[in-house]
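An overview of the molecular structure
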Amino acid sequence: MLAKLRMALILFIIGSLSGLSIVGVHRLTEDAIAHNELMQQYDDYVVIFPDIDLSDLQEEDIDEDIIQRRIDAYDQNGDLLGYIFVGRAQGHSGMNTILVGVDPSADIVKVVISATDDTPNYAQIIIDDYLPNLSNQRIDEVDYDTSTGATNTYNSVRTVIDAASLHVAGDPAMEAYLSVFDDAERYATNFVFDDEALEEEINIFNAADEIIGYAYIAFIDDESVYIIFDTDDVYQATVSQDVDTSVYDDDIGTKIADIEPEDDDLGLILAELKDLLTNSTRVSLEYIARYFELYDDEDSHIGYTYVGIADGFGGLNVIDIHINLDGELIEYEVVRSNDTPDYINPVLENFEQFIGDSSLSEDDALADDVTVGATRSATSIYNIINAAFEAHAEREGE
Amino acid sequence: MAEKTKKNPMKKKKQQLGQLANFTKGIIRENPIFVFLLGMCPALAVTATLETGVGMGILVIFVLTASNIVVSLIKNFIPDEIRIPSYIVIIATFVTIVGMLTQAYAYALYQSLGIFIPLIVVNCLIMGRATAYASKNDVKSSIIDGLGMGVGFLAALALIGITRELFATGAIAYGVYLPLPFEGSIINTSMYLFNMNVFVGPAGGFIVIGIWLAIFNARGNYLKKKKEVERQAWIEEKKKEAAERKRKKAMEKAGEAA
Amino acid sequence: MISPTVFFVAIVSSMLINNVVLMRFLGICPFLGVSKRTESALGMSLAVMFVMVVSSILTYIIYYYILAPLDITFISTIAFILVIASLVQLVELFIKKISKKLYKGLGIYLPLIVTNCAILGVVEINIAQGYPEDYGLFNGLWVATTSAFGAALGFALIMFAFSSIRERLEAAEVPAAWQGVPVSLVVAGIMALAFLGLGGIV
């Protein structure tokens, strides 16, 4: 018993002595370790901007999914060197922490992988061979290498750069809308055209979420052109980087119906828009973008065509829904769909049962035996036709 | 030399080792890595460059010497039953202290060694010396034994590190991981095109150590053979001497008889 | 809830991609020392697996529920090695009590495990991974445990494969200087090269 007590005492003494000495050394080294850990973070900043003044760092927490913070880097004279974005993205095995250095003119200075669990050899390939290529490219137009041999690691870099670019270069579309509407707050795609030149119809919202205008995105010479109208279809501006739009400057403040387009690239698009806007009426429903009046061969008004748009399986489905004056479904027509034909065709056939009806029954429309394997195709068509009935009822009410 | 070979080489081991010999034995004759195969994990893991190997060597020298001192100091107070746990606590204490000091004053080294700093605790070399030597000898010789073994360990890591770094990068850099006031490279062949990255990786580690072990084995075999030859020569000589003596005695006897 | 793929990835990556022996250089001593016979290699692996998984759970709890809240993580190394050492003692006693046969099979390997750096290494790696950051405090425990199990599987796989290779090496004609450990190390190097190729799985 005594021997056991003695052993316990000895172990206790050894334990306490060891504890004491460890705590002592901990006290001694605590500050130096904290300093080192901080400096390690800053080390990467110095790698990006060698002239950075570490005593004058301005950090801003961003707290998005990918980008965590932004650091404004100044040199000793207080001149802005650029920004460092700290981001986290999924790599090969776990999250990678990546730093993107950008100069004030939005060119990438350097990209640094500051923490990674990826296989060192693969991470090294990216660090040695591919990260240097990114330097001096504009952050929003980076030319990425396609095959790197360490795709996951490279993709994490790519994700962080793309996320950072939104913070640097701003959004050209938003800038265009802001140049016309000072109170523009956000925008959303209303319709996607199945057209070579004309790309998208955009709703522009103010802070109160009211639509304050529309924009049409078109491509002229591979260049995005933003043609902007207010809610009364009055032409406001055409914003573009290189395309000359001065010919139409006189038309600013004119309704689209009164504009006489010239025979140039922009004119052709304006003519198309004029045709579209004068013949159709906008609808602000989730699945219906606009409607046209529908005439038969003898030019008598027989109903309306509602243009529907919804997400299908392979992308957007655009479907024209024809409804007669009595509110009955006459016909539907797929304008554009990337869904697998074998799946969407039976679904389309299933909707034939509703021709002549003025409402949809959800049970029949989305019956399991039809929609099996094509749920998204079926739901998108169901939503569109349903919305078309709704839009029709709304129009009747006016 | 001529005198030495006349002594019985077999008897040499039994001679009391001088302090200098006690120190140098760890470097080649009882090298912990190449002869005893102790501490192979760090020998493989942290020898991608010379500097990390040397850094690990320095840490091990410190822990080994310190734990040898303490173990030898308290050897009379520790009952046999709690020897191992006490030693574990002592070694772990020193490892923790060394770890913290490295983290504070050689951060780059701390980062590159990573988990292999806490793993010094389970380095068989340290536990082995504590139980096999320090617990049976006085403080002074324990210190010398610790230093000698530690230097032997460091030398082995350095040798492996040099080999791997040279093949992998074509240069030997300094000042990158160790907190030296200067940095640069000792050797720089500038043959970037012929760099063999495989030597940085695990495969290179295994193969380089295998090759060095084979070289040490070859040397050992050679020495053994040489000793054998020497012993044979010595036996022959003794035989000759004995025969000579016999002949002399016979002659003397014959002379007396005459 | 964490998705099952997290566990699958944890097992595959700690078993094959970051194999403890070939990629992380842990547990080299038993790898070179014990793996001469397939049977003892398997016995050793089984003992390691048990201690590795249990000590991984215990140390995770100790680190995140005791040391971290008290802000004394700097003593983690001592705490971990004591946990492992006492765990091994306990296991030894336990096995001795319940089955003489099992004790005969596993018992001799247990004392060796205390100084097997694979155990402490995997435990330290698990803590260094910082699972709570990605999965939350409690869920991280399961990921850490799965990783430890995967690592143990990887250890067993290599021990088994290597002991089989060694059995054939015995019969091979190896130059005198290369006999024993040197040739084993070169073989291990070639195995490590092969394992590099698994890098792209997950």
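Everything quoted here is computed from the prediction, not taken from an experiment. (Residues numbered from 1 in each chain as written. Chains lettered and ligands numbered in written order. Predicted model: local features only at pLDDT ≥ 70, side-chain atom pairs only at ≥ 80, totals over all residues. Heavy atoms only, no water.)

What follows covers the overall build of chain A. When you go through chain A residue by residue, the secondary structure sums to nine helices and 15 strands. Classification of the 398 residues of chain A by burial places 45% in the buried group. Sequence-distant contacts, at least 24 apart, represent 38% of the contacts inside chain A between residues at least 6 apart. (Helix = DSSP H or I, 4+ residues; strand = E, 2+ residues; numbered from the N terminus. Buried < 20%, exposed > 50% of the residue type's maximum accessible area, 1.4 Å probe, protein only. Contact = heavy atoms within 4.5 Å.)

Taken residue by residue, the interface counts 17 residues in chain A and 19 residues in chain B. Across the interface of chain A and chain B, roughly 1700 Å² is buried in total on both sides, 74% from carbon and sulfur atoms. Remark: the boundary between chain A and chain B carries zero salt bridges. Along the contact surface separating chain A from chain B lie three residue pairs in polar contact (both at pLDDT 80 or more). Considering only residue class, the side of chain A that touches chain B consists of nine nonpolar, six polar and two charged. (Buried area = accessible area lost by both parts, 1.4 Å probe. Salt bridge = Lys/Arg side-chain N within 4 Å of Asp/Glu carboxyl O. Polar contact = N/O pair within 3.5 Å; in protein donor to acceptor, adjacent residues only side chain to side chain. Nonpolar A, V, L, I, M, F, W, Y, C, P; charged D, E, K, R; others polar.)

Now for a nonpolar patch on the surface. Taken together, the side chains of C:Ile61, C:Tyr65, C:Ile66, C:Leu70, C:Leu137, C:Phe138 and C:Trp142 present a nonpolar region at the surface, about 670 Å² in accessible area. Residue position: C:Ile61 is located in helix H3 (residues 38-70). (Patch = residues over 30% accessible without salt bridge, like charges linked within 9 Å, V, L, I, M, F, W, Y side chains within 5 Å. Areas by Shrake-Rupley, 256 points an atom, 1.4 Å probe, with all protein chains shown as cover.)

A few words now on the packing of aromatic side chains. Applying the stated criterion to the full structure yields 23 aromatic pairs over all chains. Aromatic side chains B:Tyr107 and B:Tyr110 sit 6.0 Å apart centroid to centroid with 20 degrees between the ring planes, which places their arrangement in the stacked category. With B:Tyr107 and B:Tyr110 both in helix H6 (residues 107-113) and three residues apart, the pair spans about one turn of that helix. B:Tyr107 gets classed as buried once you look at its relative accessible area, which sits at 13%. Three or more aromatic residues joined by ring pairs form one cluster here, namely A:Phe191, A:Phe193, A:Tyr216, A:Phe229 and A:Tyr235. Taking NZ or CZ as reference, A:Arg282 lies 3.4 Å from the ring centre of A:Tyr214, over its face. (Phe/Tyr/Trp six-rings, centres within 6.5 Å; stacked < 30°, edge-to-face > 60°. Lys NZ or Arg CZ within 6 Å of the ring centre and 35° of its normal.)

Moving on: the pairing of strand S7 (residues 198-206) of chain A. Residues and elements named next belong to chain A. Burial of S7 is extensive: seven of the nine residues sit out of reach of the surface. The pairing of strand S6 (residues 184-192) with S7 spans seven bridges and is classified as antiparallel. Following the sheet pairing, tyrosine 187 is matched in S7 by isoleucine 204. Taking the residues between adjacent antiparallel strands as the criterion, S6 and S7 are bridged by five residues. As defined by bridge partners, S7 adjoins strand S8 (residues 211-220) across seven bridges and the pair is classed as antiparallel. (Pairing = 2+ DSSP bridges.)

Here is a general trend for soluble globular proteins: nonpolar side chains tend to be buried in one another's company. B:Met56, B:Phe206, C:Leu22, C:Phe31 and C:Ile113 are the most contacted members of the largest nonpolar core, which has 140 residues in total. Sort the elements by how many residues they give to this core and helix H5 (residues 83-105) of chain B lands first, with 12 residues. The residues contacting C:Leu22, other than those within four sequence positions of it, are B:Pro202, B:Phe206, C:Ile158, C:Ala188, C:Met191, C:Ala192 and C:Phe195. If you look at the next biggest cluster of nonpolar residues, it comprises 29 residues, including A:Leu285, A:Ala310, A:Ile344 and A:Val347. (Core = buried A, V, L, I, M, F, W, Y, C linked by side-chain atoms within 4.5 Å.)

Here the focus is empty space enclosed by the protein. Enumeration according to the criterion identifies two cavities of 30 Å³ or more in this entry. Taken as a whole, the largest cavity spans an internal volume of roughly 110 Å³. As for the largest cavity, its lining consists of 17 residues, and the residues nearest its centre are B:Cys41, B:Pro42, B:Val122, B:Asn123 and C:Cys117. Listing elements by their share of the lining of the largest cavity, those giving two or more residues are helix H3 (40-45) of chain B together with helix H2 (28-33) of chain C. (1 Å grid on protein atoms, 1.4 Å probe; cavity = no way out; pocket = protein on both sides within 12 Å on 5 of 7 lines; lining within 4 Å. Points joined across faces, edges and corners; volume = space filled by probe spheres on them.)

Moving on to the interface of chain C and chain B. With 36 residues of chain C in contact, the opposing surface of chain B contributes 31 residues. Taking both partners together, chain C and chain B bury about 2800 Å²; carbon and sulfur atoms supply 87% of that area. For the interface between chain C and chain B, the tally reads one residue pair in polar contact (both at pLDDT 80 or more). Each residue belonging to the side of chain C that touches chain B can be placed in one class, and the counts come to 28 nonpolar, six polar and two charged.

What follows covers the sheet that holds strand S2 (residues 67-74) of chain A. Residue and element names in this part refer to chain A. If you trace the five strands from one edge of the open sheet to the other, you get S1-S2-S3-S4-S5, paired in antiparallel fashion. Only two strands of the sheet have a single partner each, and these edge strands are strand S1 (58-61) and strand S5 (108-115). Each adjacent strand pair in this sheet contributes to an overall mean axis angle of 20 degrees, direction not counted. Lying on the sheet, helix H1 (residues 2-48) is in contact with S1, S2, strand S3 (80-90), strand S4 (95-102) and S5; it crosses S5 at an angle near 155 degrees. (Axes fitted to C-alpha atoms, helices over the stretch in contact; angles between N-to-C directions.)

Attention now goes to the environment of C:Gly130. Relative to the helices and strands, C:Gly130 resides in the loop between helix H7 (117-129) and helix H8 (131-135). Sequence spacing of C:Gly130 and C:Ala144 is 14 residues, and the spatial spacing of their C-alpha atoms is 9.3 Å.

Moving on, we come to unusual backbone geometry. Negative phi characterises most residues that are not glycine, and trans characterises most peptide bonds. Positive phi outside glycine occurs at A:Asp299, with the angle close to 65 degrees. Residue class for A:Asp299 comes out exposed when judged on its relative accessible area of 64%. Positive phi, close to 55 degrees, is recorded for B:Leu37, a residue that is not glycine. Among the residues examined, B:Leu37 registers a relative accessible area of 25% and is labelled partly exposed.

Here the focus is the sheet that holds S6(A). Hydrogen bonds between backbone atoms are what pair the strands of a sheet, whose relative direction is either parallel or antiparallel. Residue and element names in this part refer to chain A. If you walk across this open sheet you meet the five strands as S6-S7-S8-S9-S10, and the pairing is antiparallel. Taken across any chain shown, the strands that pair with only one partner, and hence form the sheet edges, are S6 and strand S10 (235-239). On average, adjacent strands in this sheet sit at an angle of 25 degrees to one another, irrespective of strand direction. Sheet strands in contact with helix H4 (residues 172-180) are S6, S7, S8, strand S9 (223-230) and S10, and its direction is about 115 degrees off that of S6. Across the sheet, helix H5 (residues 265-279) lies against S7, S8, S9 and S10, angled at about 40 degrees from S9, the strand it touches most.

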